[in-house]
Amino acid sequence: MAPGQPATRAGAAPPAAEAAMRRALEAARRAALAGEPPIGACLVRDGEVLAVASNCVVSELDITAHAEMTLIRDACRRGRTLSLAGCELVVTVEPCPMCLAASHYAGIDRVIFGATLEDLHALTGGELLAGPRGSQPGGPEVEGGLLRAESLALLRAWAGGGRG
């Protein structure tokens, strides 16, 4: 795989996925304004948005408070279930190994992302690139590149803005 290319490209994302990505991008923009890494996520089942979240690692002083983790926790608590089967997770940046594992254990069917971990690593130099890549047996289908340019523009602005 060439640097900056999606880990997996399973096919064209449906229009509903693009709408969900726009919601995730809105959440990422709000996170950036709050001093957080600009990463947003949206969880959808049968066209219905179940949850939207953004990174809150700084405000929560919790290194695991990635957008995906926050969203999965919230959706499971609200639904009083550990199963998010039938759901799609749409996120502005490819999930890290921790978030991909949480998606797997929650039973999420599909993960669609914008910018890649390589994109983020090129800006921060500190992203964990090792670990599971793409679809795993029994795990969610993984598709990348949806609205990548917009997702990457948010990351570039954040990385160039003297974040702490």
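Calculation criteria
Residues numbered from 1 in each chain as written. Predicted model: local features only at pLDDT ≥ 70, side-chain atom pairs only at ≥ 80, totals over all residues. Heavy atoms only, no water. Helix = DSSP H or I, 4+ residues; strand = E, 2+ residues; numbered from the N terminus. Contact = heavy atoms within 4.5 Å. Areas by Shrake-Rupley, 256 points an atom, 1.4 Å probe, with all protein chains shown as cover. Core = buried A, V, L, I, M, F, W, Y, C linked by side-chain atoms within 4.5 Å. Buried < 20%, exposed > 50% of the residue type's maximum accessible area, 1.4 Å probe, protein only. Salt bridge = Lys/Arg side-chain N within 4 Å of Asp/Glu carboxyl O. Pairing = 2+ DSSP bridges.

Q: How do you make sense of the overall build of the chain when you look at a structure like this?
A: Within the chain, the regular secondary structure consists of six helices and five strands. If you list the helices and strands of the chain from N to C, you get α-β-β-α-α-β-α-β-α-β-α. Excluding contacts between residues fewer than 6 apart, the proportion of contacts in the chain whose partners are at least 24 apart in sequence is 63%. About 7,900 Å² of surface is accessible on the chain, with carbon and sulfur atoms providing 55% of the total.

Q: Honestly, the nonpolar core in this entry has me stumped. Any pointers?
A: A general trend in soluble globular proteins is that nonpolar side chains are found buried together. The biggest cluster of nonpolar side chains holds 30 residues, and the ones touching the most others in it are L43, L71, I72, L84 and I108. Broken down by secondary-structure element, the contributors of at least two residues to this core are β1 (40-45), β2 (48-54), α3 (67-79), β3 (87-93), α4 (97-106), β4 (110-115) and α6 (148-159). Per element, the largest residue contribution to this core is six residues, and it comes from α3. Residue contacts for L43: discarding those within four places in its chain leaves E48, V49, L50, A51, L71, A75, L84, C87, E88, L89 and I108.

Q: So what exactly am I meant to see when it comes to the pattern of salt bridges here?
A: It is possible for side chains bearing opposite charge to pair when their charged atoms get close. Across all of its chains, the model carries eight salt bridges by this definition. With a shortest N-O distance of 3.5 Å, E141 and R110 are connected by a salt bridge. With a gap of 31 residues between them, E141 in strand β5 (residues 141-144) and R110 in strand β4 connect regions that are remote in the sequence. Looking at R110, the relative accessible area reads 12%, which means it is buried. Between D119 and R148 there is a salt bridge whose closest N-O contact spans 2.6 Å. With D119 in helix α5 (residues 117-124) and R148 in helix α6, this pair connects stretches of sequence that are 29 residues apart. With relative accessibility at 7%, the residue D119 sits in the buried group. With relative accessibility at 25%, the residue R148 sits in the partly exposed group. In the salt-bridge network here, residues are joined through shared partners; they are E18, R22, R29 and E150.

Q: Is there a simple way to explain the pairing of β1 in this structure?
A: Look at any regular strand and the pattern is simple: side chains alternate between the two faces of the sheet. Most of β1 is tucked away, with five of its six residues classed as buried. Direction of pairing for β1 relative to β2: antiparallel, over a ladder of six bridges. Within the sheet, the bridge partner assigned to C42 lies in β2 and is V52. Relative to β3, β1 is paired through five bridges, and the arrangement is antiparallel. Of the residues in β3, the one forming a bridge with R45 is C87.

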